[in-house]
Amino acid sequence: KMQKAIAPSIEKLCLRWRSGDVGPGAQKFAGTVFEDLVKTGEMSAPCGEIVQARPFVFPPLPEHKQGSDANFIVSGKAPESASNGAAGAQKEQAQRDRTMSAASELLVADQEFSTMPECVRSHCEAISASVIIEGQRARQVGNRISANLADLLQVVVKGSGV
């Protein structure tokens, strides 16, 4: 039912493409679609000769307001608003780095963790940083973040068999 409902629109679009107005690729594709639909009996073959297709040329771009994001993008430059986002991303990365460093220092200072294999320590450091960052994003208080971290580190240490 759906195909029958959209058949007139498909035929109209294929006839436009077959005319060669939108380039030789679209004209060739329209011919293939018509062939398939004629073979299945869903559409009758179009009348008339196939005209040589003109190469498709994109219409000229409209003028953009000087200094707008669109103007920067068209000229191949990053818009000024993107640089503000980049600064925010750099701040966020710096915060992540500080958190990773703090988590690493916390675990290195503990004598029990320092005796564990390197792979377990690095895994615990990654978990610590992740829990702290996600806790900060969720605006959790320090006690809640510490409790979550302690629970997860206990699971890792028990699971490591050390």
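Residues numbered from 1 in each chain as written. Predicted model: local features only at pLDDT ≥ 70, side-chain atom pairs only at ≥ 80, totals over all residues. Heavy atoms only, no water.

Moving on, we get to the overall build of the protein. When you go through the protein residue by residue, the secondary structure sums to seven helices and zero strands. Starting at the N terminus, the α and β elements of the protein follow one another as α-α-α-α-α-α-α. Against the 2.2 N^0.38 benchmark of 15 Å for 162 residues, the protein shows a C-alpha radius of gyration of 31 Å, more extended than a compact globule. The principal-axis extents of the C-alpha atoms in the protein amount to approximately 85 × 50 × 30 Å. Looking at the protein residue by residue over its 162 residues, the buried ones come to 21%. (Helix = DSSP H or I, 4+ residues; strand = E, 2+ residues; numbered from the N terminus. Rg over C-alpha atoms; globule rule 2.2 N^0.38 Å. Buried < 20%, exposed > 50% of the residue type's maximum accessible area, 1.4 Å probe, protein only.)

Turning our attention to the environment of Q52. In this fold, Q52 is placed in the loop between α2 (24-39) and α3 (69-74). A relative accessible area of 70% means that Q52 is categorised as exposed. On a C-alpha basis, the gap between Q52 and G159 in space is 71 Å, while along the polypeptide they are 107 residues apart.

Attention now goes to the packing of aromatic side chains. For the coordinates displayed, the defined rule picks out one aromatic pair. Between W17 and F29 the ring centres are 5.8 Å apart and the planes differ by 50°, which places this aromatic pair in the tilted class. Residue W17 is located in helix α1 (residues 2-18), and its partner F29 is located in helix α2; the two are separated by twelve residues in the primary sequence. With relative accessibility at 22%, the residue W17 sits in the partly exposed group. (Phe/Tyr/Trp six-rings, centres within 6.5 Å; stacked < 30°, edge-to-face > 60°.)

Turning our eyes to something else, we now look at unusual backbone geometry. The phi torsion at R139 lies on the positive side, around 60°, for a residue other than glycine. Note that R139 resides in the loop between α6 (118-137) and α7 (142-160).

Within the secondary structure, S128 sits in helix α6. If we skip the residues at most four places from it in the chain, S128 touches A103, L107, L149 and L153. (Contact = heavy atoms within 4.5 Å.)

Mean pLDDT for the protein: 79, with 92% of residues reaching 70 or above. Ranking the elements of the protein by mean pLDDT puts helix α4 (residues 80-109) last, at 70, and α2 first, at 87. (pLDDT = per-residue confidence, 0-100.)

In the contact formed by α6 and α7, the axes pass within 10 Å of each other and the chain directions differ by 155°. With respect to each other, α6 and α7 are oriented roughly antiparallel. Where α6 crosses over α7, the two elements pack in a sense that is right-handed. Of α7, the residues touching α6 (which contributes V120, H123, C124, I127, S128, V131, I132, G135 and Q136) are I145, N148, L149, L152, L153, V156 and S160. Taken together, the residues of the contact of α6 with α7 break down into ten nonpolar, six polar and no charged. (Axes fitted to C-alpha atoms, helices over the stretch in contact; angles between N-to-C directions. Parallel < 35°, antiparallel > 145°, perpendicular 65-115°, else oblique. Left-handed = near helix turned anticlockwise from the far one by under 90°. Nonpolar A, V, L, I, M, F, W, Y, C, P; charged D, E, K, R; others polar.)

Turning our attention to the side chain of R18. Assignment of secondary structure puts R18 in helix α1. By relative accessible area, which is 15% here, R18 ends up buried. Residues within four places of R18 in sequence aside, it is in contact with Q27, A30, F34, P46, C47, G48, E49 and I50.

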